[in-house]
Structures are given as structure tokens and as C-alpha cells.
Number of protein chains: 2
Amino acid sequence: MKSLLIQKSHARECFRNFLRGKNLLLTTERSRLLDIIFSQRRHFCIYDLHQMCQVNQQKVSLATIYRTLPLMEKAGLIRAVNLKADNWLYENTYFKHHHDHMVCVACGKIIEFENVGIEKMQSKVCKKHDFIMTEHTLELRGYCSHCKKTRKISALLGSKTA
Amino acid sequence: MKSLLIQKSHARECFRNFLRGKNLLLTTERSRLLDIIFSQRRHFCIYDLHQMCQVNQQKVSLATIYRTLPLMEKAGLIRAVNLKADNWLYENTYFKHHHDHMVCVACGKIIEFENVGIEKMQSKVCKKHDFIMTEHTLELRGYCSHCKKTRKISALLGSKTA
DNA sequence: TATAAATTGAGAATAGTTCTCAATATTGTC
DNA sequence: GACAATATTGAGAACTATTCTCAATTTATA
Ligand SMILES: [Mn+2]
Ligand SMILES: [Mn+2]
Ligand SMILES: [Zn+2]
Ligand SMILES: [Zn+2]
């Protein structure tokens with residue numbers, strides 16, 4: 001995987017082109033947001049992002065954040081996932097393969113996984129229903145390896161709703 | 001599949017037992033909500049439900065609805081799904097097998113499907129990550145058979161993100 | 001420098017949901 | 001039935017995440 005610095009400059013170039021194509025500007029605020037977002041690989045929420053903007057005299061308003069994220073989404077740089085029903089998380093997609101998530105309901109840990117088999121079967125189901133899939137989300141909720149131990153969750157639990 | 005009337009009385013019995021076990025009461029409001037919910041099989045949103053309550057002098061407040069739905073959820077009678085990111089839908093689960101959803105982004109149509117193969121592979125992935133799954137959601141978004149035709153969506157579109 | 005177009009931030013507005021609390025209903029007991 | 005203890009309800013306030021409004025500012029271009 002490329003270094004964050006290189007990723008960042010590629011992402012900026014991508015964003016710049018996207019914006020240019022729509023007669024939009026790569027303003028300092030948008031550039032700053034991009035900088036922050038592509039300086040880490042974790043999932044982030046809007047609140048976090050807003051916090052991270054508030055350092056060094058500089059700041060970006062919530063309004064601008066709410067306006068910018070959908071732009072980055074359309075540019076294919078990030079995507080929104082709602083692993084916790086209450087607030088949306090965003091994640092860098094520009095340098096990542098598609099993946100799905102497991103979320104530990106005890107500690108909140110997020111595990112990413114790719115599974116070609118599942119994806120293939122999804123396509124089959126779509127074909128069967130004559131449905132053209134443009135995107136999908138698969139979320140598994142439960143107990144991570146660590147919480148399973150500390151909470152003594154039985155493996156049987158898993159089979160109940162599997 | 002059993003008739004709605006029989007389902008309804010079973011659901012009421014189930015809810016009554018659940019409530020009794022927690023020293024809660026099956027009030028007229030709760031009973032009325034159950035009546036409305038188990039009189040149809042479609043997915044419903046809170047707004048709809050609230051509307052349906054407002055007939056015949058009788059009414060149930062939003063506050064009560066918001067308090068009652070989580071109870072029914074815990075009782076295993078309904079579940080919440082958020083197919084449209086903006087507002088939650090609920091659906092009767094008491095007489096239905098587990099299933100997942102396809103949602104048409106053009107017309108909003110919801111298609112339900114069951115796929116044992118996918119579920120099995122999910123379990124495998126969990127095993128691999130030593131993760132105890134308690135629930136999952138799989139959502140496919142795209143174009144239904146009808147909208148595909150009227151909008152002349154190419155089948156190739158589907159393969160892009162599949 | 002002048003002009004037009006795009007952008008920003010503050011704060012108002014919206015909407016979905018939860019909370020508060022006084023009034024009401026239910027349950028079990030005498 | 002009367003009573004005390006508990007649970008429930010609805011109205012409206014409160015909260016929170018998100019969107020909208022608009023005047024001031026920035027940027028691009030000529
Ligand atoms: Mn991820
Ligand atoms: Mn369904
Ligand atoms: Zn955990
Ligand atoms: Zn459709």
C-alpha cells in the first residue's frame with residue numbers, strides 16, 4: 001500500500017479534477033479537509049473531522065464539512081457507512097478495495113473483510129431477480145474475539161441468527 | 001402462511017407474555033399498535049404508523065409509538081431496517097423467515113430474498129475472524145426489473161461495483 | 001481593476017427522536 | 001368498592017444531526 005503522503009497527493013489531484021469538471025474550486029477549506037481525511041486510514045465521523053479542523057487558528061465550519069463530504073463522495077474518494085445506526089462514519093475508498101464490516105457490539109471494534117464468494121452469490125441473486133445492483137452493504141454485528149473471551153459469550157449464540 | 005387474523009392473535013399473546021415477564025402492561029395503546037402493525041405485511045415507517053392510529057376518535061401519541069416499538073422489537077415481533085438512510089422502516093418478523101433486501105433507487109421498490117449460501121459464507125468469514133455474529137444486514141441497492149427497462153440501464157452498470 | 005461566479009460561516013430552520021412531568025389507568029389487597 | 005403502589009400516557013419542551021439562508025469574502029477571468 002502506498003504511503004499516506006503519496007496517496008494524499010493523488011487524492012488531491014483526483015479531487016481537483018473532479019471539481020474542475022464541475023466548475024467548482026479547490027478552496028483552502030476543501031483542501032484542508034482533504035488533508036485531514038487522507039492523513040489517516042481510520043473510519044471517522046463528522047464530529048471527529050470537525051474537531052480535527054479546529055487546530056492552529058484555522059477552522060472549517062460544519063456547514064462546509066457537510067457540503068464537502070458529498071463532493072468527495074461523488075469524486076469517489078470516500079464513502080459513507082453507517083455501522084452504528086446513530087451516526088454516519090466515512091472512510092477513504094480511493095486506495096482501498098471494496099470491503100464489508102464486522103462490528104463488535106461490546107467494544108465497537110470494526111473489522112474489515114473482503115469475500116469474493118459472497119459477492120459472487122450476491123450477483124447471482126440479482127440476476128435471478130433481474131435486478132441491476134449498483135452498490136451493496138453487508139454488516140455483521142456481534143462479539144469480537146477479545147470481547148467474546150472477557151464476556152464468556154458462547155459460540156452457540158452465533159448460530160441462533162446466523 | 002397463516003391468516004393475518006390468526007397471526008395477530010398469536011402476536012398479541014407473545015407480546016402479552018413478554019410484557020408480563022417484565023411487569024409491564026398490555027395497555028389499550030400498545031394493543032392498538034399491535035393491531036395495526038399485524039394487520040398488514042408491508043414495511044412501515046413511524047410516520048405511517050402514526051397516521052394509521054389517528055382514525056376513529058382514537059389516537060396514539062408519537063411518544064407512545066416511540067416507546068412501544070422497541071418493546072415489540074425486544075419481544076421478537078418486529079425489527080427495524082434502514083433501507084432508506086433517512087428514515088427507519090419496521091417489519092413484522094414474527095411470522096417471517098430471516099431475509100435481506102434489494103432496494104430500487106429509482107422507484108423505491110423493496111424486494112425480499114433469502115439465500116442460504118450467502119448466510120453460510122458469512123458464518124465462515126466469522127469463524128475465520130473468531131467473531132461471534134449475533135445479527136447481520138445485507139442490502140443491495142440498484143435498479144429493479146421495471147426501472148431498468150424504462151430507464152434503459154445497461155446491465156454492465158451492475159458489474160462495476162459488484 | 002472590474003465583474004461575475006463560487007464559497008464561506010453564522011445562525012436560523014427542519015426533522016426525527018428522546019425527555020419531563022402532571023394527569024390517568026391498572027393491579028393487587030383489604 | 002376504596003386504597004396504595006406502580007406503570008403509562010400525551011403534550012410539549014429539549015436535543016441533535018443536518019440543511020438552508022444570506023450577507024460578506026474569495027477566486028477566476030478579462
Ligand atoms: Mn471500512
Ligand atoms: Mn423485509
Ligand atoms: Zn469487541
Ligand atoms: Zn424500480
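Right above here is the structure, for reference.
This structure is a prediction, so every number in the text was calculated from the model and none was measured. (Residues numbered from 1 in each chain as written. Chains lettered and ligands numbered in written order. Predicted model: local features only at pLDDT ≥ 70, side-chain atom pairs only at ≥ 80, totals over all residues. Heavy atoms only, no water.)

Some details on the coordination of the manganese ion (ligand 1)
Between any two of four tetrahedral donors, the ideal angle at the metal is 109.5 degrees; between two of six octahedral donors, it is 90 or 180 degrees.
Residues and elements named next belong to chain A.
Link 1 in the chain: Each protein donor to the manganese ion (ligand 1) is listed here as His43 (NE2), Glu91 (OE), His99 (NE2), His101 (NE2) and Glu112 (OE); together their distances run 1.9 to 2.3 Å.
Link 2 in the chain: Binding-site remark: the manganese ion (ligand 1) is held by donors from one chain whose sequence spacing is H-x47-E-x7-H-x1-H-x10-E. With His101 in strand 4 (residues 100-104) and Glu112 in strand 5 (residues 110-113), the pair connects residues that are eleven residues apart, well separated along the chain. (Donors = N, O, S within 2.8 Å, 3.2 Å for Na, K, Ca; no water. Helix = DSSP H or I, 4+ residues; strand = E, 2+ residues; numbered from the N terminus.)

Overview of the protein's contact with DNA strand C
Link 1 in the chain: Close to DNA strand C lie 17 residues; A:Leu25, A:Thr27, A:Arg30, A:Thr64 and B:Tyr66 are nearest.
Link 2 in the chain: The contact atoms of DNA strand C, taken as those within 4 Å of the protein, divide so that sugar and phosphate hold 74%.
Link 3 in the chain: Interatomic distance of 2.2 Å between a side-chain N/O atom of A:Thr64 and a phosphate oxygen of DNA strand C.
Link 4 in the chain: One of the side-chain nitrogen or oxygen atoms of A:Arg67 is found 2.7 Å away from a base oxygen of DNA strand C.
Link 5 in the chain: Of all the secondary structure elements, the ones that give two or more residues to the surface near DNA strand C are helix 2 (28-37) and helix 4 (62-74) of chain A together with helix 4 (62-74) of chain B.
Link 6 in the chain: Its residues assigned to classes, the surface near DNA strand C comprises eight nonpolar, four polar and five charged. (Near = heavy atom within 4 Å. Polar contact = N/O pair within 3.5 Å; in protein donor to acceptor, adjacent residues only side chain to side chain. Nonpolar A, V, L, I, M, F, W, Y, C, P; charged D, E, K, R; others polar.)

Points about the sheet that holds strand 2 (residues 78-81) of chain B
Residue and element names in this part refer to chain B.
Link 1 in the chain: Spatially, the three strands line up as an open sheet ordered 1-3-2, and their pairing is antiparallel. Unpaired on one side and paired on the other, strand 1 (44-45) and strand 2 mark the two borders of the sheet.
Link 2 in the chain: Pairing of strand 1 with strand 3 (residues 89-92), which is carried by two bridges, proceeds in the antiparallel orientation. In the strand pairing of strand 3, Phe44 is matched with Tyr90. (Pairing = 2+ DSSP bridges.)

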